[in-house]
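Listed here are the chains, written in short residue letters.
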Amino acid sequence: MCLAVPGKVLDIEEREGTRMATVDFGGVVKEVCLEYVPDLEVGEYAIVHVGFALQRLDEESARKTLALFEELGLLQEEFGDPWEAAAAPPEGEERGAGAATGAGAGVRGAPAAAVGDGAQEAGR
């Protein structure tokens, strides 16, 4: 899921003709393009979606939204480590419990032959 998340502008600089900012999203700091909100200044808040600041936001609204996102676990979902998330077992399953190995590993509910090289299913 991609969210539009409020963040606080920490600094602004121009890079190769593009106005860019370092933005703090409740502890997670990312680079953001300011071309859609060119008059945004350091210390102000903006709604950011896929790396672009879309509109200015007042501090109170930004803080409330960040607190709600944090409470719902959406900040971790949006900014968490994708490698960590990919390695985590599916919700409700323990790592190692019935883990598949071999040709069919990683494809839920599919027999190994269905995802192998085709030789197994044809009996060759």
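Being a predicted model, the structure only gives us computed values, none of them experimental.

Draft legend 1. Structural context of the overall build of the chain. What the chain contains, in helices and strands, is four helices and five strands. Its helices and strands taken in sequence order, the chain reads β-β-β-β-β-α-α-α-α from the N to the C terminus. Counting across all 124 residues of the chain, residues that qualify as buried make up 23%. Partitioning the contacts of the chain with sequence separation of at least 6, the portion at a separation of at least 24 is 33%. By element, 51% of the accessible surface of the chain is carried by carbon and sulfur atoms, the whole surface being about 8,400 Å².

Draft legend 2. Geometry of the nonpolar core. V5, V23, F25, V32, L34, L40 and A53 are the most contacted members of the largest nonpolar core, which totals 16 residues. The set of elements that each furnish at least two residues to this core consists of β1 (5-15), β2 (18-25), β4 (45-49) and α1 (59-72). For this core, the element with the highest residue contribution is β2, accounting for three residues. Leave out the neighbours within four places in its chain, and A53 touches V32, C33, L34, Y36, V37, L40, A46, I47 and V48.

Draft legend 3. Up close: the pattern of salt bridges. In total, this model carries six salt bridges according to the counting rule given. A salt bridge links D39 to R56; the nearest nitrogen and oxygen atoms lie 3.4 Å apart. Pair noted here: D39 is in the loop between β3 (28-33) and β4 and R56 is in strand β5 (residues 52-57), with a separation of 17 residues, a long-range link. When the shortest N-O distance is used, the salt bridge between E44 and R56 registers 3.0 Å. With E44 in the loop between β3 and β4 and R56 in strand β5, this pair connects stretches of sequence that are twelve residues apart. A relative accessible area of 35% places R56 in the partly exposed class. What emerges from the salt-bridge pattern is a single network uniting E13, R15 and E31.

What counts and what doesn't
Residues numbered from 1 in each chain as written. Predicted model: local features only at pLDDT ≥ 70, side-chain atom pairs only at ≥ 80, totals over all residues. Heavy atoms only, no water. Helix = DSSP H or I, 4+ residues; strand = E, 2+ residues; numbered from the N terminus. Buried < 20%, exposed > 50% of the residue type's maximum accessible area, 1.4 Å probe, protein only. Contact = heavy atoms within 4.5 Å. Areas by Shrake-Rupley, 256 points an atom, 1.4 Å probe, with all protein chains shown as cover. Core = buried A, V, L, I, M, F, W, Y, C linked by side-chain atoms within 4.5 Å. Salt bridge = Lys/Arg side-chain N within 4 Å of Asp/Glu carboxyl O.

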